[in-house]
Amino acid sequence: MSGNREHFGGRAAVIMAMAGSAIGLGNIWRFPYMAGEYGGAAFILIYIACSLVLSLPIFLSEAVIGRRTHANAIGAMKQLAPRSGWMALGYLSVITPIVIASYYCIVGGWSIEYFFKSFTLDFGEFSPSGWKALAFDTLFLALSCGIVALGVKGGIEKFSKMSIPVLFLLIVIILAYSVNMPGARAGIDYLVKPDLSKVTGKTFAFALGQSFYSLSLGMGIIITYSSYVRKEENLVVSGVGTALSDLLFAILAGFAIMPAVFSAGIKPSAGPGLIFETLPVIFAGMGANAPWVSSVVSALFFLTVTVAAMTSSVSVIEVGVAYLVEEKNIARKKACLIVFLVTWLLGLVSVFSIKLFGMVDAFTSNFLLTLGAIMVVLFVGWKMKRDDVRDEITNGGTKHAGLFPVIYFLIRYVAPIAVLVIFISNLIM
Ligand code: PHE
């Protein structure tokens, strides 16, 4: 283990880095649609409840593992449960992020491409696969690895501290434009009008799945980032701060996107189709009278998507890099190069076939992440000593000590059962 391990600079730095990981494509292309389709305000309330009761305990479990050991995901498990079956959790926590990075960066690449296309508003047909996609994927991945190569403080922390405020500013500018478009009201209603008839068992499953994807759980990220959190920092505050920023951004993204969609009279959707097919049609259509305004709004939007995706991609890349640096004694820059190459090669599977892209995405989101999350809560709830868990979460009994029994109960009983239900329903659905 390296003796001079880096740390995040303080509370704000921790929350900015974690929020950077949390705020990503999930907030922009999934949350708004889900909110609209599954009950509006009712969905948002259920989402908040799922975040509090389930995602936050999972978040804290990962944070306990990371901060307790101040080590990368595999190193952490080596300290806590050497040579046991639990090592699988360590390995899974390093493998999943690499798989995610391999296709996440492809989307980052599309966003860069569309940023440039904004200036001519000539978007053409969306072509997600092929050599051009590979070129932009390579660029996006290289930039992300470049940031990670600069270090935890000099790269990730600096980039997140700069990006998070910019992201909020950008999304608010786009929102202001969008809600003033003619007919925008219908988009606002779509997002907030509570509709209890749309609330079913599925709503809960989706809300929970989305909430923990959005908080970057089940993939070693919070373990790794928390390993850079100092002992005096408060994990509960970091978790709540991250979850709130993530939720706020998702809601703002909804109000930035849906009013424009409804104003153009288009049916709302989610995923790549929403961002790279529907919105470009709207941007191009808005340009009839004042093309430059339309270009600016479009460029700002794709810049937002690019930066939001990049603060997430650096967090995935850091998981593998931290492992190589600490367990294999490889210099950080070289470790970044290795992760770059492995991720790039793996990305070839998805970049030439949108079908495979979808399969890799579904496999990781529905299977690997949920598996990771179940193992994390079982490990912290049942294998680690209660006193150790309490010590981390309450900073030795000085913070939120009264809340601990509740949190511990959620970690031990509620979270594993809920995630298991999601896991099984993902398998059979
Ligand atoms: N929280 C991210 C999002 O909402 C999910 C994610 C993080 C995915 C990091 C990949 C890597 O997009």
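Residues numbered from 1 in each chain as written. Predicted model: local features only at pLDDT ≥ 70, side-chain atom pairs only at ≥ 80, totals over all residues. Heavy atoms only, no water.

### Let's talk about the overall build of the protein chain
So, step 1. For the protein chain, the count of helices and strands is 17 helices and zero strands.
So, step 2. Computed over C-alpha atoms, the radius of gyration of the protein chain comes to 21 Å, within 12% of the 22 Å expected from 2.2 N^0.38 for 429 residues, which places it in the range of a compact globule.
So, step 3. By its C-alpha atoms, the protein chain is 65 × 50 × 40 Å across when sized along the principal axes.
So, step 4. A total of 429 residues make up the protein chain; the buried ones form 59% of that total.
So, step 5. Counting only contacts in the protein chain whose residues sit at least 6 apart along the sequence, the fraction spanning at least 24 positions is 83%. (Helix = DSSP H or I, 4+ residues; strand = E, 2+ residues; numbered from the N terminus. Rg over C-alpha atoms; globule rule 2.2 N^0.38 Å. Buried < 20%, exposed > 50% of the residue type's maximum accessible area, 1.4 Å probe, protein only. Contact = heavy atoms within 4.5 Å.)

### What to know about the layout of surface pockets
So, step 1. Of the volumes computed, that of the largest pocket is approximately 630 Å³.
So, step 2. Taken together, 30 residues line the largest pocket, and the ones lying closest to its centre are Arg-30, Met-34, Phe-206, Ser-365 and Asn-366.
So, step 3. Elements that contribute at least two residues to the lining of the largest pocket include exactly helix 2 (25–37), helix 5 (87–117), helix 9 (201–214), helix 15 (354–383) and helix 17 (404–428).
So, step 4. A per-element tally of the lining of the largest pocket places helix 15 first, with seven residues. (1 Å grid on protein atoms, 1.4 Å probe; cavity = no way out; pocket = protein on both sides within 12 Å on 5 of 7 lines; lining within 4 Å. Points joined across faces, edges and corners; volume = space filled by probe spheres on them.)

### Section: the state of the cysteines
Structurally, a disulfide amounts to a covalent bond that connects the sulfur atoms of two cysteines.
So, step 1. Applying the stated rule across the entire model yields zero disulfides.
So, step 2. With no disulfide of its own, Cys-105 lies 7.1 Å from the sulfur of Cys-145, the closest cysteine sulfur.
So, step 3. Accessibility expressed as a relative area gives 0% for Cys-105, which makes it buried.
So, step 4. Cysteine Cys-145 shares no disulfide, and the gap to the nearest cysteine sulfur, in Cys-336, comes to 6.0 Å. (Disulfide = S-S within 2.5 Å.)

### Quick word on empty space enclosed by the protein
So, step 1. Scanning the model with the defined rule gives three cavities of 30 Å³ or more in all.
So, step 2. Lining of the largest cavity is provided by 17 residues; of these, Ser-21, Tyr-104, Ser-216, Met-219 and Ser-312 occupy positions nearest its centre.
So, step 3. Here the lining of the largest cavity is built from residues that sort into nine nonpolar, eight polar and no charged.
So, step 4. Considering only enclosed or pocket space, the second largest cavity measures out at about 90 Å³ in volume.
So, step 5. Together, 13 residues line the second largest cavity, and Ile-174, Ala-256, Ala-260, Phe-283 and Val-297 are the ones closest to its centre.
So, step 6. Every element with two or more residues in the lining of the second largest cavity is listed here: helix 7 (152–178), helix 11 (235–263), helix 12 (272–286) and helix 13 (291–327). (Nonpolar A, V, L, I, M, F, W, Y, C, P; charged D, E, K, R; others polar.)

### Quick look at the site of the ligand
So, step 1. Within the structure, the ligand sits among 16 residues, and Ala-22, Leu-25, Gly-26, Tyr-104 and Ser-214 are positioned closest to it.
So, step 2. At a separation of 3.0 Å, an oxygen atom of the ligand approaches a polar backbone atom of Leu-25.
So, step 3. A distance of 2.8 Å separates a nitrogen atom of the ligand from a polar backbone atom of Ser-214.
So, step 4. Within the complex, 100% of the 320 Å² of free accessible area of the ligand lies under protein.
So, step 5. One can see that the ligand is located within the largest cavity.
So, step 6. Residue assignment for the shell around the ligand shows that the elements contributing at least two residues are helix 1 (11–22), helix 2, helix 5, helix 9 and helix 13.
So, step 7. A breakdown of the residues in the shell around the ligand according to their chemical character gives eight nonpolar, eight polar and no charged. (Near = heavy atom within 4 Å. Polar contact = N/O pair within 3.5 Å; in protein donor to acceptor, adjacent residues only side chain to side chain. Areas by Shrake-Rupley, 256 points an atom, 1.4 Å probe, with all protein chains shown as cover. Sits in = over half its atoms within 2 Å of the grid points.)

### A look at unusual backbone geometry
So, step 1. Here His-70, not a glycine, exhibits a phi torsion of approximately 45°, which is positive.
So, step 2. With respect to the secondary-structure elements, His-70 resides in the loop between helix 3 (41–69) and helix 4 (73–80).

### Observations regarding helix 14 (residues 332–351)
So, step 1. Helix length check: helix 14 (20 residues) gives 27 Å between terminal C-alpha atoms against 28 Å at 1.5 Å per residue, within 8%.
So, step 2. Residues of helix 14 that are buried: Arg-332, Ala-335, Cys-336, Val-339, Phe-340, Thr-343, Gly-347, Ser-350 and Val-351. (Expected span 1.5 Å × (residues − 1).)

### Thoughts on the packing of helix 11 against helix 12
So, step 1. Between helix 11 and helix 12, the least distance of the axes is 10 Å, while the angle of their chain directions is 55°. With respect to their mutual orientation, helix 11 and helix 12 come out oblique. Seen along the crossing, helix 11 lies across helix 12 with a hand that is left-handed. Between helix 11 and helix 12, the residues in contact are Ile-257, Ala-260 and Val-261 and Leu-274, Thr-278, Leu-279 and Ile-282, respectively. (Axes fitted to C-alpha atoms, helices over the stretch in contact; angles between N-to-C directions. Parallel < 35°, antiparallel > 145°, perpendicular 65-115°, else oblique. Left-handed = near helix turned anticlockwise from the far one by under 90°.)

### Describing the environment of Phe-126
So, step 1. Considering the arrangement of structural elements, one finds Phe-126 in the loop between helix 5 and helix 6 (131–149).
So, step 2. Between the alpha carbons of Phe-126 and Gly-85 there is a distance of 45 Å; along the sequence they are 41 residues apart.
So, step 3. Contacts of Phe-126, omitting those with residues within four sequence positions, involve Trp-110, Tyr-114, Pro-272, Phe-276 and Glu-277.

### Observations regarding the environment of Ala-12
So, step 1. Mapped onto the fold, Ala-12 is located in helix 1.
So, step 2. Distance from Ala-12 to Gly-241, taken between C-alpha atoms, is 9.3 Å for residues 229 residues apart in sequence.

### Section: a nonpolar patch on the surface
So, step 1. Among the surface-exposed residues, Leu-45, Ile-48, Leu-52 and Val-53 lie close enough to one another that they form a single nonpolar patch of about 340 Å² accessible area.
So, step 2. The residue Leu-45 is located in helix 3 in this model. (Patch = residues over 30% accessible without salt bridge, like charges linked within 9 Å, V, L, I, M, F, W, Y side chains within 5 Å. Salt bridge = Lys/Arg side-chain N within 4 Å of Asp/Glu carboxyl O.)

### Structural notes on the pattern of salt bridges
So, step 1. Applying the stated rule across the entire model yields 14 salt bridges.
So, step 2. The residue Glu-157 makes a salt bridge to Lys-153 at a minimum N-O spacing of 3.7 Å. Linking Glu-157 with Lys-153, this pair stays in helix 7, spanning four residues, or about one helical turn.
So, step 3. Since its relative accessible area comes to 6%, Glu-157 is described here as buried.
So, step 4. Judged by relative accessible area, which is 37%, Lys-153 ranks as partly exposed.
So, step 5. Salt bridges here are not isolated pairs; linked through shared partners, they connect Arg-67, Arg-68, Lys-231, Asp-388, Asp-391 and Glu-392.

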